[in-house]
Amino acid sequence: PYQVSCLTIPADHCDEISLILKSEIERMAELLDIADGPLWVQYRIKNNRPYIIESARRCGGNNMLDILSRGYGKDFGEWVIRLETGLNYDKFEQKLEHRKCQGYQSLMAGRNGKIKGVCIDDELRKHIYQEYYWYKDGEEVTDYLYERWGIVLFEYDTQQEMAEAIVSIDKDARIVMG
């Protein structure tokens, strides 16, 4: 029932939520006998409490390693490879300081029909550092609620600036229909 079309890091209330999630994730890792490596967790917040809705024994998709590496100034890809291959990863910092705020927005159509192109708001464009498109003009959208036709990665200096900008992100980054 949940579909992620926009994601931002760091998360809202990151420090408080992290404390709660950390104990749950450690409990999950113990129950599943996971010693190291990535464990991707998606959650929703209700009444200031996180509820895990999905977990996976992998990194998140949508260029998540690039987003994390850029945000924290550390090569998360190298860390994952070291974990997965049994190489030493002792020098990876446990407490990282977030330098900038990043996120992604999936590009979706507002209805079924033929794709005419993409529309990116000028103000949002100033913050986009990577764009990926996988459509051709004239291609048919048959399930607009679920089909993604591209993704944009963006960056802001502060969480507040990013939060204000993404209020209208579905309109500011979208597929245009013919």
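Residues numbered from 1 in each chain as written. Predicted model: local features only at pLDDT ≥ 70, side-chain atom pairs only at ≥ 80, totals over all residues. Heavy atoms only, no water.

A.B. asks: Hey, could you run me through the packing of helix 2 (residues 64-72) against helix 3 (residues 76-85) in this one?
C.D. replies: Any two packed helices are characterised by the angle at which their axes cross and by the distance between the axes. Close contact between helix 2 and helix 3 brings their axes to 8 Å; oriented N to C, the two are set at 120°. Classified by the angle their axes make, helix 2 and helix 3 are oblique. Of helix 3, the residues touching helix 2 (which contributes Leu65, Leu68, Ser69 and Tyr72) are Phe76, Gly77 and Val80. Its residues assigned to classes, the contact of helix 2 with helix 3 shows 5 nonpolar, 2 polar and no charged. (Axes fitted to C-alpha atoms, helices over the stretch in contact; angles between N-to-C directions. Helix = DSSP H or I, 4+ residues; strand = E, 2+ residues; numbered from the N terminus. Parallel < 35°, antiparallel > 145°, perpendicular 65-115°, else oblique. Contact = heavy atoms within 4.5 Å. Nonpolar A, V, L, I, M, F, W, Y, C, P; charged D, E, K, R; others polar.)

A.B. asks: Explain the packing of aromatic side chains to me, please; I cannot follow it from the model alone.
C.D. replies: Each aromatic ring pair is specified by the distance between its two centres and by the angle formed by the two planes. Evaluated as defined, the whole model comprises 4 aromatic pairs. For the pair Tyr72 and Phe76, a centre-to-centre distance of 5.8 Å together with 45° between the ring planes defines the contact as tilted. Assessed through its relative accessible area of 18%, Tyr72 is described here as buried. Here the aromatic residues Tyr72, Phe76 and Trp79 are joined through ring pairs into a cluster of three or more. Of note, Arg49 hangs over the ring of Tyr51, and the distance from its end group to the ring centre comes to 5.9 Å. (Phe/Tyr/Trp six-rings, centres within 6.5 Å; stacked < 30°, edge-to-face > 60°. Buried < 20%, exposed > 50% of the residue type's maximum accessible area, 1.4 Å probe, protein only. Lys NZ or Arg CZ within 6 Å of the ring centre and 35° of its normal.)

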